[in-house]
Structures are given as structure tokens and as C-alpha cells.
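Observations on chain architecture
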Amino acid sequence: ELKVEQNPLFLSMQEGKNYTIYCNYSTTSDRLYWYRQDPGKSLESLFVLLSNGAVKQEGRLMASLDTKARLSTLHITAAVHDLSATYFCAVIGGSQGNLIFGKGTKLSVKP
Amino acid sequence: DTGVSQDPRHKITKRGQNVTFRCDPISEHNRLYWYRQTLGQGPEFLTYFQNEAQLEKSRLLSDRFSAERPKGSFSTLEIQRTEQGDSAMYLCASSLGQGNTIYFGEGSWLTVV
């Protein structure tokens, strides 16, 4: 059974600092997704990583994928308060259909 | 707005009643997914369709739950004889084929009292 683990689950950061969220998964997959969720809202797609070594960047967020290590990272550069949210990684499970999500990392950026 | 649309957004029902949620995916998206999310947890997969065919169902989908996508466009998720444990946000998502971005709707909040 595919399992997806994120760490840390909670992250309190100061504005301007850098940090990395880690996402490990238990079985082979060549597609990994990162989503952002604000309280009471739905999920906003951030990145889709489709191959080993893929790296994507959008603003202060950069995601990478190492399929051999079954690891993805979401790096936050010079955090700002607007980045406060819960971040989920997800991997395709089942017969190439459904996404299996991690528990999420709740990020709080403080001045 | 051309995103994934869900209705109703909020539903409060008494235990034992039936409820139905509707999802309209992004136009031309052939894949449609249903997820459930409870407070503080990640979304849990329920089922997905490719066109009108239901291709996979989670073990979470008990026989009280049924989903349809009769014409390969909109989908409905019905919960019969609701229980308090069914209280959650039900998320619908759609995508165009495999490997592409999966877009989520705003969700339908269910409270069973």
C-alpha cells in the first residue's frame, strides 16, 4: 500500500528565512503533486513533477523530485506572511488514477 | 468561472437522511475524482471516473455511498442513511488524462447532526 509521509507537520517560520518541507513515499511513482490549502478552502495546485530530477519554481517556492530516493522537497525562500497555509504533497496510487496525499505541513510565517 | 464546480457548498442533515452532491468538472476533462477530507487531515480518495466509467473505488466507499457520471460530464455522489462519521468536506476534482494537473473544486461541507 502506497504511503506518503511529510515532515515536518507543523512549521513556524520567521519572515525572510528559508526552509524545506520533505515528502517521502513508499513505492515507485514518477509523478508527484504539491498543493496549497488555506483554512476552509479547497486545494490550489502548485506543482506537478513528472520525472526524476524535475525542478520547478514559482515565486518563493521551488519543488524538486528524486524518484530513486522517493523524495520530493518544497523549498521556501525568504518566507513572507502570505505563504502561511497548509501544503500537501500527493503521489499517484492505484491503477494510475487516484492521488494519495500526505498529512500536510501547516506553515505559519510570523513577522 | 470555468473551474470545477460543486453544489451544494454546505449541507446540514439529520442522521439517517440521504444526501446528494453534484460536481461539474472543467469542460473536456475526461477524469473526475471524489475525495473526502476531515479537519486536520489530507484528502482521502473515494473514487474516480474516466469518462462515464468508474475505474476505481476506495475501501472507504461503503455500500451507503454511490457515485455516478452518467454522460461523462457531471457527477453525483450520494450518501444514504448518513451517519455522524460522514461529516466531512467532499471534494471533487478533474483532469485531462494522466500526468496532468488535477484541479479541485471548492468542496461540499457535510454536517450530520
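Source: prediction; values computed, not measured.

Along chain A, the regular secondary structure elements total zero helices and 11 strands. Listed N to C, the secondary structure of chain A is β-β-β-β-β-β-β-β-β-β-β in terms of helices and strands. A compact globule built from 111 residues should have a C-alpha radius of gyration of about 13 Å, and chain A, at 13 Å, falls within 12% of that. Looking at chain A as a whole, 46% of its 111 residues are labelled buried. In chain A, of all internal contacts separated by at least 6 residues, the share reaching a separation of at least 24 is 54%. Accessible area for chain A stands at about 5500 Å²; split by element, carbon and sulfur atoms hold 50% of it.

It is worth spelling out the side chain of Ser 42 of chain A at this point. Secondary-structure assignment places Ser 42 of chain A in the loop between strand 4 (32–37) and strand 5 (43–49). The class for Ser 42 of chain A is buried, based on a relative accessible area of 9%. Once residues within four sequence positions are removed from consideration, Ser 42 of chain A is found in contact with Arg 36 and Gln 37 of chain A together with Leu 91, Phe 104, Gly 105 and Glu 106 of chain B.

Taken residue by residue, the interface counts 23 residues in chain B and 22 residues in chain A. Buried surface at the junction of chain B and chain A, both sides included, amounts to about 1700 Å², of which 49% is carbon and sulfur. Of all residues in chain B, the largest losses of buried area upon contact with chain A belong to Gly 99, Ile 102 and Phe 104 of chain B, amounting jointly to 26% of the total for that side. At the junction of chain B with chain A, the criterion picks out zero salt bridges. If you look at where chain B meets chain A, you find five residue pairs in polar contact (both at pLDDT 80 or more). Only strand 4 (31–37), strand 5 (44–50) and strand 9 (88–95) of chain B provide two or more residues apiece to the side of chain B that touches chain A. Sorting elements by how many residues they give to the side of chain B that touches chain A places strand 4 of chain B first, with four residues.

This next bit is on the state of the cysteines. Residues and elements named next belong to chain A. By the definition in use, this model includes two disulfides over all chains. With its sulfur 2.0 Å from that of its partner, Cys 23 forms a disulfide with Cys 89. Its S-S torsion of approximately 80 degrees makes the covalent link between Cys 23 and Cys 89 right-handed. Within this pair, whereas Cys 23 is found in strand 3 (residues 19–25), its partner Cys 89 is found in strand 9 (residues 85–92), the two being separated by 66 residues in sequence. For Cys 23, a relative accessible area of 0% corresponds to the buried category.

Reading the values: rules and limits
Residues numbered from 1 in each chain as written. Chains lettered and ligands numbered in written order. Predicted model: local features only at pLDDT ≥ 70, side-chain atom pairs only at ≥ 80, totals over all residues. Heavy atoms only, no water. Helix = DSSP H or I, 4+ residues; strand = E, 2+ residues; numbered from the N terminus. Rg over C-alpha atoms; globule rule 2.2 N^0.38 Å. Buried < 20%, exposed > 50% of the residue type's maximum accessible area, 1.4 Å probe, protein only. Contact = heavy atoms within 4.5 Å. Areas by Shrake-Rupley, 256 points an atom, 1.4 Å probe, with all protein chains shown as cover. Buried area = accessible area lost by both parts, 1.4 Å probe. Salt bridge = Lys/Arg side-chain N within 4 Å of Asp/Glu carboxyl O. Polar contact = N/O pair within 3.5 Å; in protein donor to acceptor, adjacent residues only side chain to side chain. Disulfide = S-S within 2.5 Å.

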